[in-house]
Amino acid sequence: MRFVMCYLLLLGRTAVFSTYGPHQRAQMTGDILLGGLFPIHFGVASKDQDLAARPESTQCVRFNFRGFRWLQAMIFAIEEINNNSALLPNITLGYRIFDTCNAVSKALEATLSFVAQNKIDSLNLDEFCNCTDHIPSTIAVVGAAGSAVSTAVANLLGLFYIPQISYASSSRLLSNKNQYKSFMRTIPSDEYQATALADVIDYFKWNWVIAVASDDDYGRPGIEKFEKEMEERDICIHLNELISQYMEDHEIQALADRIENSSAKVIVGFASGPDMEPLIKEMVRRNITDRTWIASEAWASSSLIAKPEYLDVVAGTIGFALKAGQIPKFKEFLQHVQPRKDNHNDFAREFWEETFNCYLKDSPRLQESDNDSTSFRPLCTGEEDITSVETPYLDYTHLRISYNVYIGVYSIAQALQNILTCTPGHGLFANNSCADIKKIEAWQVLKQLRHLRYANNGGGKIHLDEFDLAANYTIINWHRSAEDGSVVFEEIGYYNMHAKRGAKLVIDKTKILWNGYSLEVPFSNCSEDCEPGTRKGIIESMPTCCFECTECSDGEYSNHRDASICSKCPNNSWSSGNHTSCFLKEIEFLSWTEPFGIALAICAVLGVVLTAFVMGVFVKFRNTPIVKATNRELSYLLLFSLICCFSSSLIFIGQPHDWTCRLRQPAFGVSFVLCISCILVKTNRVLLVFEAKIPTSFHRKWWGLNLQFLLVFLFTFVQVMICVVWLYNAPPSSYMNHDIDEIIFITCNEGSEMALAFLIGYTCLLAAICFFFAFKSRKLPENFTEAKFITFSMLIFFIVWISFIPAYFSTYGKFVSAVEVIAILASSFGMLACIFFNKVYIILFKSSRNTIEEVRCSTAAHAFKVAAKATLKQGAVSRKKSGSIGGSSGSSPSSSFSLKTNGDRREIPSGRQKPRVSFGSGTVMLSLSFEESRRSSLM
């Protein structure tokens, strides 16, 4: 009974090994068995199962020559390892390789054989029989190719902790170690490729593209990451479509319609070759040749797409290919394939038939050919020369996926070598123990692979942790061969994710042929590039990539095409007329060299000269009556202050500096206060003297020269203190005013507008008091005081400075200084002309009036006028009193005036006669008529 059970189990195991899983396979026994999953076919035949009979296995269609080469790379690596005495000595590696047909269902069918073998092998058969010649279980699987297939396989293999090393599955979803516990790969994640694709779009300044992706676990996550990268770069995706090789014809046509109607000229394909093929065929049928394709690594060198008949559409494609590697002697191994010799490889027969378009004798496909006359093929011997035909199988110039397969197999072998050479106490397992190579299990190999680090034959460091995998891509451009019209993959650059910023993407534009012939980069933007001097303007309800070009504002510029914003010119610059650059602003101030400044300076100098001339005249004729009568000491001080007023205006001209800004307002304020103080004291003194009824010693004492100068000093001292407080708390300073377009005005910042208001206000206050006294003394003798002219000069002063205030605050730049200079000069000239020009005219041209007699005559006339006014006033009062008493009419009181002139004293009798007063050379007739008012006697 025990013998029978052992026999049945052994038979069952043999049956599982030989028949379980897909019938077509490549297999070889060994001490340790490796599994393999490769897309030997591009897809499966679509056939509806009506379940009227037992369902048949889905048939794989369209032989994949590149997939067969990948399978050959695994076999080559295993044979190389078995022939290497230094690696796994006395241990033979075997393999079981299945075709996934690029379909999840076929891949799972093959994977179940790996899992079932491990499950059966986990039983303790020694309890039933001594089975020493048993078939080992699969301890690791190399594959699969597509990410969608690898995802399904990884879910199943992960349940039994069977290590899986993929050579072409780049989906970023597979990076989740919690979900895919036993998955590893020798290809970088799409996390990096999506970034690389976005960098290429940005490199060529495209912002309006179409994205198509496989509707699987490769395309969807990849295009999702690509969208995020595009958003970060402000690049818009006009269309985002999912495609599949199993799409209906009307779906493909609808997608082609949307692409054809789109204004985007760049199409990014994040899909596999089989999924892209139906769309490319439709584009070829429609002859849409004005599109540029950007290919992910899954179809960047696909033999399905890179066909001469498709080149009118796909020529000029920019593709991302994996970094190529070198496999020594692999070329000779590929050339020695023959169906009769490779009896362990069932795929070799189909490869031979597809390569030479024939059927081998006893081929199962020969019977199918007999039933279908349209697919007739001749017989072939199996001895044909493989090197005489053009086939993708022999395209070993750039080994990318094949090299990844080679590295995957060697990684498993190196892990087994580490287990073989493990020293007890230094292992990776419990209590630092080592695994037994003769009883090795899949989970132990997985543990060893996770900690694997080694250097391959080429000196490269291998580590299966995907985060350490260098994301290196070779960028290729699809050219048309001049010899036979085939596709040539021209390397135009590379992408290294781990390089320094700015050095990750390198492209040689001179090698690129766009659409197969053009050297000009195609345009794929929603809007035309904005010219320099303009910026992008937002269009409502449109993506940010669609914009209108708006001219930069004044003071802003853009010096390159397609500027997002206009840059503001520096403070000392202004934008040019076309807003493409900035030029230095013109610096302006009230200059000595400009006509306006020269005119003001000439007026100021003229004022100084005229004032100095008047002073010279007054000094020369200082003993004449007119000069004496005008209080010559105060006149000298007044003339000096006018010189200071004219001179202070010169400080306002020229480039302002801190010291000139702090000097000019105090100089102007103190000079004017000194000037007006002199006028005020002089006018008030004469007024008090003439209006005093009885001149006393008090008047003579307190209105002497010392008191006059003391008052002038006190009035001026107040202004000086205002200036000192101003300069201490908020001193004026020069500054550059950039507020005006195209011009920088260098002006003075007064520091405190309130202080300036106090300075001018105090000056105006003194001028107002002076005006009051001048107006009151306007009828005094002209030889003593020019009251009328002082009144007029003060009116001029008020008009000028009242006009100055609004003009000062409404102007800017150099005109502020000009307005103040004009105000200073106008008021100074007004005072000089009104007060002194009449005197100078009399002194120089009317000397006859500059005599003591003229002065006395004028004084006497003023005295008589005052006396007459007083007498009339007194008479009126007397008559008012008489009338109130009711008295009779009478004569008015008589008046008598005694004037002594030249020693004579004359009495003026009362009565009705007109007295005559003689002054040496002249006679003044005063008619004082005091007629009694007569009234009718009503009594």
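Conventions we followed
Residues numbered from 1 in each chain as written. Predicted model: local features only at pLDDT ≥ 70, side-chain atom pairs only at ≥ 80, totals over all residues. Heavy atoms only, no water. Helix = DSSP H or I, 4+ residues; strand = E, 2+ residues; numbered from the N terminus. Buried < 20%, exposed > 50% of the residue type's maximum accessible area, 1.4 Å probe, protein only. Contact = heavy atoms within 4.5 Å. Areas by Shrake-Rupley, 256 points an atom, 1.4 Å probe, with all protein chains shown as cover. Patch = residues over 30% accessible without salt bridge, like charges linked within 9 Å, V, L, I, M, F, W, Y side chains within 5 Å. Salt bridge = Lys/Arg side-chain N within 4 Å of Asp/Glu carboxyl O. Lys, Arg positive; Asp, Glu negative; His and termini not counted. Charge placed at Lys NZ, Arg CZ, Asp CG, Glu CD. Core = buried A, V, L, I, M, F, W, Y, C linked by side-chain atoms within 4.5 Å. Pairing = 2+ DSSP bridges. Axes fitted to C-alpha atoms, helices over the stretch in contact; angles between N-to-C directions. Parallel < 35°, antiparallel > 145°, perpendicular 65-115°, else oblique. Left-handed = near helix turned anticlockwise from the far one by under 90°. Nonpolar A, V, L, I, M, F, W, Y, C, P; charged D, E, K, R; others polar. Expected span 1.5 Å × (residues − 1). Disulfide = S-S within 2.5 Å. Polar contact = N/O pair within 3.5 Å; in protein donor to acceptor, adjacent residues only side chain to side chain. pLDDT = per-residue confidence, 0-100.

Scanning the protein chain from N- to C-terminus turns up 24 helices and 33 strands. Within the span of the protein chain, comprising 939 residues, buried residues form 49% of the whole. Taking the contacts inside the protein chain whose residues are at least 6 apart along the sequence as the reference set, 69% of them involve residues at least 24 apart. Total accessible area on the protein chain stands at roughly 46,800 Å², and carbon and sulfur atoms take up 55% of it.

A contiguous nonpolar patch, built from Leu 710, Phe 713, Leu 714, Phe 717, Val 720, Met 721 and Val 724 and spanning about 590 Å² of accessible area, is present on the exposed surface. Counting through the fold element by element, Val 724 comes out in helix 20 (residues 705–729). Residue Val 724 is classed as partly exposed on the basis of its relative accessible area of 44%.

A cluster of acidic side chains, namely Glu 390, Asp 395, Glu 483 and Asp 484, defines a negative patch on the protein surface. For Asp 395, a relative accessible area of 35% translates into the label partly exposed.

Now for the nonpolar core. Among the nonpolar cores identified, the biggest contains 106 residues, and Phe 38, Met 74, Ile 201, Phe 226 and Leu 416 are the most heavily contacted of them. Ranked by residue count, the leading element in this core is helix 13 (residues 401–420), at 12 residues. Sequence-distant contacts of Phe 38, defined by excluding residues within four places in its chain, comprise Gly 67, Trp 70, Leu 71, Met 74, Ile 97, Phe 98, Asp 99, Thr 100, Cys 101, Val 142, Tyr 167 and Val 405.

This part covers the sheet that holds strand 1 (residues 25–28). One open sheet holds the six strands; their spatial order is 1-5-2-6-7-8, and the pairing between them is mixed. The sheet terminates laterally at strand 1 and strand 8 (183–185), the two strands that pair on one side only. For this sheet, the mean inter-axis angle between neighbouring strands, taken without regard to orientation, is 20 degrees. As defined by bridge partners, strand 2 (residues 32–38) adjoins strand 6 (residues 138–142) across four bridges and the pair is classed as parallel. Looking across to strand 6, one finds that Gly 35 is bridged to Val 141. Most of the contacts of helix 13 go to strand 6, to which it runs at about 155 degrees, and overall it touches strand 2, strand 5 (93–99), strand 6 and strand 7 (164–166).

Applying the stated criterion across every chain yields a total of 22 salt bridges. Between Asp 199 and Arg 233 there is a salt bridge, and its shortest N-O distance comes to 2.4 Å. In this pair, Asp 199 is assigned in helix 5 (residues 190–203) and Arg 233 in the loop between helix 6 (219–232) and strand 10 (236–243), connecting sequence segments 34 residues apart. On the basis of relative accessible area, Asp 199 is assigned to the buried category, the value being 17%. Under the relative-accessibility criterion, Arg 233 is labelled partly exposed at 21%.

Turning our attention to the packing of helix 15 (residues 595–620) against helix 23 (residues 814–845). Relative orientation of the contacting elements helix 15 and helix 23 amounts to 30 degrees, with a least axis distance of 10 Å. Compared by their axis directions, helix 15 and helix 23 come out roughly parallel. Helix-helix and strand crossings are classified by hand; for helix 15 and helix 23 the assignment is left-handed. Of the residues in helix 23, those in contact with Phe 596, Leu 600, Cys 603, Ala 604, Leu 606, Gly 607, Leu 610, Thr 611, Phe 613, Val 614, Val 617 and Phe 618 of helix 15 are Ala 818, Val 821, Ile 822, Leu 825, Phe 829, Leu 832, Phe 836, Phe 837, Lys 839, Val 840, Ile 843 and Leu 844. Residue composition of the contact of helix 15 with helix 23, grouped by class: 21 nonpolar, two polar and one charged.

A word on helix 13. Spanning 20 residues, helix 13 covers 29 Å between terminal C-alpha atoms, matching the ideal 28 Å at 1.5 Å per step. The buried fraction of helix 13 amounts to 17 of the 20 residues, a majority that puts the element mostly inside the structure.

The next thing to look at is the state of the cysteines. Tallying each qualifying case throughout the model produces nine disulfides. What pairs with Cys 60 in a disulfide is Cys 101, and their sulfur atoms sit 1.7 Å apart. Across the S-S bond linking Cys 60 and Cys 101, the dihedral sits near 85 degrees, which makes this disulfide right-handed. Here the residue Cys 60 occupies a position in strand 4 (residues 60–63), and Cys 101 occupies one in the loop between strand 5 and helix 3 (104–121), the gap between them amounting to 41 residues. Taking the relative accessible area as the measure of exposure, Cys 101 reaches 1% and is therefore buried. One disulfide bridge connects Cys 422 with Cys 434, the sulfur atoms lying 1.8 Å from each other. The chirality of the disulfide connecting Cys 422 with Cys 434 is left-handed, given an S-S dihedral of about -60 degrees. Of the two residues, Cys 422 is situated in the loop between helix 13 and helix 14 (442–450) and Cys 434 in the loop between helix 13 and helix 14; the sequence distance between them amounts to 12 residues. Take Cys 434: its relative accessible area is 25%, and that puts it in the partly exposed class. Unpaired in this structure, Cys 645 has its nearest cysteine sulfur neighbour in Cys 675, at a distance of 5.1 Å.

Another point: the side chain of Ser 169. Within the secondary structure layout, Ser 169 lies in the loop between strand 7 and strand 8. Looking at Ser 169, its side chain comes within polar contact range of the main-chain oxygen of Gly 146, at 3.1 Å. At a separation of 2.5 Å, a polar atom in the side chain of Ser 169 contacts the side chain of Ser 150. Ser 169 has contacts with Ala 144, Ala 145, Gly 146, Ser 147, Ser 150, Leu 174, Phe 183, Arg 185 and Ile 187, leaving out every residue within four places of it along the chain.

This part takes up the confidence of the model for the protein chain. Considering every residue of the protein chain, the mean pLDDT works out to 80; 80% of them sit at 70 or more. Below pLDDT 50 for its whole length, residues 1–21 participates in 37 contacts with residues either more than four positions away or in separate chains. Considering only residues more than four positions removed or in separate chains, one finds that residues 886–939, a stretch of pLDDT under 50, has 61 contacts.

Moving on: the environment of Ala 196. Here Ala 196 shows up in helix 5. For the pair Ala 196 and Asn 472, spaced 276 residues apart in the sequence, the C-alpha separation amounts to 9.8 Å. Aside from chain neighbours lying at most four places away, what touches Ala 196 is Phe 320 and Tyr 495.

With that settled, consider the sheet that holds strand 20 (residues 505–507). If you trace the eight strands from one edge of the open sheet to the other, you get 10-9-11-12-13-18-19-20, paired in mixed fashion. A single partner strand is all that each edge strand has here, and the edge strands are strand 10 and strand 20. Within the sheet, the average angular offset between the axes of one strand and its neighbour, ignoring direction, is 25 degrees. Inspection of the sheet shows strand 18 (residues 472–480) paired to strand 19 (residues 487–496) by nine bridges, in the antiparallel sense. For His 479, the partnering residue across the bridge sits in strand 19 and is Val 488. In this fold helix 5 packs onto strand 9 (208–214), strand 11 (266–270), strand 12 (292–295), strand 13 (318–322), strand 18, strand 19 and strand 20, with an angle of close to 175 degrees to the strand it touches most, strand 11. Docked against the sheet, helix 7 (residues 249–261) engages strand 9, strand 10 and strand 11, running at close to 165 degrees with respect to strand 10.

This part covers the packing of helix 7 against helix 8 (residues 273–286). The contact between helix 7 and helix 8 brings their axes to 10 Å, and the two run at 60 degrees. Relative to helix 8, the element helix 7 lies oblique. Relative to helix 8, the crossing made by helix 7 is right-handed. Here Ile 252, Gln 253, Leu 255, Ala 256, Asp 257, Ile 259 and Glu 260 of helix 7 come into contact with helix 8, specifically with Pro 278, Leu 279, Glu 282, Met 283 and Arg 286. Class assignment of the residues belonging to the contact of helix 7 with helix 8 gives a composition of seven nonpolar, one polar and four charged.

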